[in-house]
Amino acid sequence: MKIIYKTLLFLTNIKFLKKHFNFHKKEIVFVIYDRNLILLFLTNKLLIHMQQKITWLLLLFLTSITAQNIESIKLRPLQENNFSSIVPLGTVLELSFDDLDADSKEYKYKIEHKTHDWKPSRLLSSQFINGFDQNTIINVTNSFNTLQSYTHYSVQIPNVNTVITKSGNYLLSVLNNYDEVVFTRRFVYYENITTVPVSVTRSRNTKTLNTQQTVQFSINHSRIRINNPNQEINVTILKNNNWNEVINNIQPTFFKPNQLLYSYTNKTNFWGGNEYLNFDSKIIRNTSLNIVKITKEDVYNHYLYPFRYNKYRQYAYNPDINGQFTIRTLEGNDNSTEADYALMHFSLKVDEMFLEKEVYVYGAFNNFSISEKNRMYYNAKNQTYSANILLKQGFYNYTFATIGKDNLLNTNEINGSFFETENEYTVIIYHKPSGSQYDRVIGVGQGYYSSNR
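For every chain, the first residue of its written sequence is number 1, and the numbers climb from 1 along that sequence. Totals for whole chains, interfaces and linings use every residue, but because this is a predicted model, local features are given only for residues with pLDDT of at least 70 and side-chain atom pairs only at 80 or more, for both listing and counting. Working from all heavy atoms in the structure, the side-chain values ignore hydrogens and water.

A. How the structure looks around the nonpolar core. Buried Ala, Val, Leu, Ile, Met, Phe, Trp, Tyr and Cys residues that are joined via side-chain atoms within 4.5 Å together make up what is termed a nonpolar core. Remark: exposure states derive from per-residue accessible area (1.4 Å probe, protein chains only) relative to the maximum for the residue type, with buried under 20%, exposed over 50%, and partly exposed in between. Counting 33 residues, the largest nonpolar core has Phe279, Phe346, Leu348, Val361, Met376, Tyr398 and Phe400 as the members making the most contacts within it. Numbering of helices and strands runs from the N terminus, with a helix taken as a DSSP run of H or I at least four residues long and a strand as a DSSP run of E at least two residues long. Elements supplying a minimum of two residues to this core: strand S21 (277-280), strand S23 (300-304), strand S25 (325-327), strand S26 (341-349), strand S27 (358-362), strand S29 (384-392) and strand S30 (394-403). The contact partners of Val361, leaving out residues within four places of it in the chain, are Phe346, Asn366, Asn374, Met376, Ala387, Ile389, Tyr398, Thr399 and Phe400. Of all hydrophobic cores here, the second largest spans 25 residues; its members include Ile70, Tyr109, Phe183 and Tyr189. What makes two residues a contact is simply this: any of their non-hydrogen atoms within 4.5 Å.

In structure tokens, the structure reads:
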């Protein structure tokens, strides 16, 4: 809200307006609408003379004012330490997030059914939902005893107003008062009609023997008839619940009675990557896991141990949660509203700057996405990339990613890729027989790579 008040004071500075626009106080009216938008009404005469000058002013401030400040987005089952939003039909998922403006805005959620490749489905909302596909989020609470004030929002799906009746891919959107999409999250409901055994092995390709893993699986479908697998069945293989790392558009390699086999040796290969780095900020005032220093300003500043880039890095086992995060604090009873925010200082030591490449901090804390918020900047004086990211107290996994001229994301360049890395793979089976209106999810299988096998 600080920026809104500053903008209002700036716009109502009559001396400024008279100097630059040559009109008087009585000819201008200001209105604050819903605490987010400042509307400027001028007389027709003034508007004609001032249109060009005032346009830049409104665009500059209204753009910044309507920007959202949303953090700590989670869409997960209610079970503790379950990070996947791919769940059996009927399972309760909880969406939660914080608005750091702390001004109790009104948000709505919207649910859309999607095809296997995340395009709009042919189904009407009444065909996959009993109730409403769009509702206001009414579970709203304010933070308590924190330096960083915020408003916490949460909603469970299904609920009394929204009951999902069909399996498939779903897109959950959160909308603001102006029906603008603030953020989206994907989730999948499936039916246990088939069994999907999954095997993960070391790559058999001599070129990627030490850096990749191969996923093989089968679909046992004795309970459902599949007439034309090549047209009726679609498969998605997902690594570590990250929708940026998927393989799809694959066909069965062998057909057996009531069974489809997918036994590729190259087409279903994933880069092994490396174990994620981590830190634990559950104690806001004292150093904890991988936090070397803490200072207090407007919020607490947590400085992480610098990561040293090594082109010839070797694999070393380090337990992780595959890039995910969990919110927790030891200084309160309710993690949702009593966990504070700390400015986390990430640093990456390198001998020289990566040429024509951008470096980012990467993890589920920002939905495995790339933005200015998690970009790192290079300081030639101390040969370090650094980034400061405001994160809620908890245990976090993260790694470093690069993007070059080709705009391709590379999560292996800095931390390496090894066949020994422990990863989780999820195989999703979509079924759409001839004449059907939607992609039904008839089974999900999970496989884990273990270097001890």
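Now that the structure has been shown, we can carry on.
B. Examining the sheet that holds strand S13 (residues 181-190) more closely. We treat two strands as partners when DSSP finds at least two bridges between them. Spatially, S4-S13-S12-S6-S8 is the arrangement adopted by the 5 strands of the open sheet, whose pairing is mixed. Both edges of this open sheet fall to strand S4 (86-88) and strand S8 (134-136), since each of them pairs with a single strand only. Sheet twist, expressed as the mean angle between neighbouring strand axes with direction ignored, is 30°. Fitting a line to C-alpha atoms yields each axis, with helices limited to the stretch in contact; the angle taken between N-to-C directions then spans 0 to 180 degrees.

C. Seen up close, the sheet that holds strand S10 (residues 151-157). The strand order S3-S5-S10-S9 describes an open sheet built from 4 strands, whose pairing is antiparallel. Both outer strands of the open sheet, strand S3 (70-77) and strand S9 (139-142), are each paired with one neighbouring strand and no more. In this sheet, adjacent strand axes meet at a mean angle of 15° when their direction is disregarded. Sheet analysis places S9 next to S10, joined by 4 bridges and oriented antiparallel. Paired with Val140 across the two strands is Tyr153, which belongs to S10.

D. The arrangement of the pairing of S13 in detail. Two elements, S4 and S13, share 3 bridges in a ladder whose sense is parallel. Considered in S13, the bridge of Ile86 is made with Val188. Sheet topology note: the strand S12 (residues 168-175)/S13 ladder contains 8 bridges and is antiparallel. Considered in S13, the bridge of Gly168 is made with Tyr189. Adjacent in sequence and paired antiparallel, S12 and S13 are bridged by 5 residues, among which Asp179 carries a positive phi angle near 60°.

E. Structural context of the environment of Asn415. Tracing the backbone shows Asn415 in the loop between strand S31 (409-410) and strand S32 (424-431). Each C-alpha atom, one on Asn415 and one on Arg313, is 7.5 Å from the other, the two residues being 102 residues apart in sequence. When residues no more than four places from it in sequence are discounted, the contact partners of Asn415 are Asn274, Glu275, Leu277, Phe307, Arg313 and Thr399. In the analysis that follows, any N or O atom pair within 3.5 Å is treated as a polar contact, provided that within protein one partner can donate a hydrogen and the other can accept it, and provided that, for residues neighboring in sequence, both atoms belong to side chains. Engagement of the side chain of Asn415 in a polar contact is seen with the backbone oxygen of Glu275, the distance being 3.4 Å.

F. Structural view of the environment of Asp406. Relative to the assigned elements, Asp406 resides in the loop between S30 and S31. Sequence separation of Asp406 and Lys357 is 49 residues, and the distance between their C-alpha atoms is 9.7 Å. A polar contact of 3.1 Å, which involves the side chain of Asp406, links it to the backbone nitrogen of Leu408.

G. Summary view of unusual backbone geometry. Cis geometry marks the peptide bond from Ile157 to Pro158; its omega dihedral reads 5°. Mapped onto the secondary structure, Pro158 falls in the loop between S10 and strand S11 (162-164). The backbone phi angle of Asn240 is positive, close to 55°, even though this residue is not glycine. Along the polypeptide, Asn240 turns up in the loop between strand S16 (233-239) and strand S17 (242-248).

H. Representation of the environment of Lys296. Secondary-structure assignment places Lys296 in strand S22 (residues 291-296). A relative accessible area of 54% means that Lys296 is categorised as exposed. For the pair formed by Lys296 and Ile284, sequence separation is 12 residues and the distance between their alpha carbons is 9.8 Å.

I. Representation of the packing of aromatic side chains in the model. Between the rings of Phe, Tyr and Trp (Trp by its six-membered ring), a pair exists once the centres lie within 6.5 Å; its type follows the angle of the planes, with under 30 degrees stacked, over 60 edge-to-face, and the other angles tilted. Within the structure shown, the criterion is met by 24 aromatic pairs. For the pair Phe97 and Phe183, a centre-to-centre distance of 5.2 Å together with 75° between the ring planes defines the contact as edge-to-face. With Phe97 in strand S5 (residues 93-99) and Phe183 in strand S13, the pair connects residues that are 86 residues apart, well separated along the chain. The pair formed by Phe97 and Phe183 is uniform in burial state, with each residue classed as buried. Between the NZ or CZ atom of Arg76 and the centre of the ring of Phe325, over which it lies, the distance is 4.7 Å. Directly above the ring of Phe419 sits Arg202, whose terminal nitrogen or CZ lies 3.6 Å from the centroid. To sit over a ring, a charge needs its Lys NZ or Arg CZ within 6 Å of the ring centre and within 35 degrees of the ring normal.

J. Structural view of the pattern of salt bridges. Should a side-chain nitrogen of Lys or Arg be within 4 Å of a carboxyl oxygen of Asp or Glu, the pair is scored as a salt bridge. For the structure on display, the rule yields 17 salt bridges. In this structure, Arg328 engages Asp280 in a salt bridge whose closest nitrogen and oxygen atoms are separated by 2.3 Å. On the criterion of sequence distance, the pair formed by Arg328 in the loop between S25 and helix H6 (335-338) and Asp280 in strand S21 is long-range, its members being 48 residues apart. Of the residues examined, Arg328 reaches a relative accessible area of 32% and is grouped as partly exposed. Residue Asp280 is classed as buried on the basis of its relative accessible area, which comes to 3%. Here Lys357 makes a salt bridge to Glu413, at a shortest N to O gap of 2.8 Å. Here Lys357, found in the loop between S26 and S27, pairs with Glu413, found in the loop between S31 and S32; they are 56 residues apart in sequence, far enough to count as distant. A relative accessible area of 25% means that Glu413 is categorised as partly exposed. Through salt bridges with shared partners, one network takes in Asp99, Asp101, Asp103 and Lys105.

K. Geometry of the pairing of S26. In terms of burial, S26 is largely enclosed, as 7 of its 9 residues are buried. Looking at chain direction, strand S24 (residues 307-308) and S26 are connected through 2 bridges and run parallel. Bridge pairing in S26 places Arg308 opposite Lys349. Across 9 bridges, the pairing between S26 and S29 is antiparallel.

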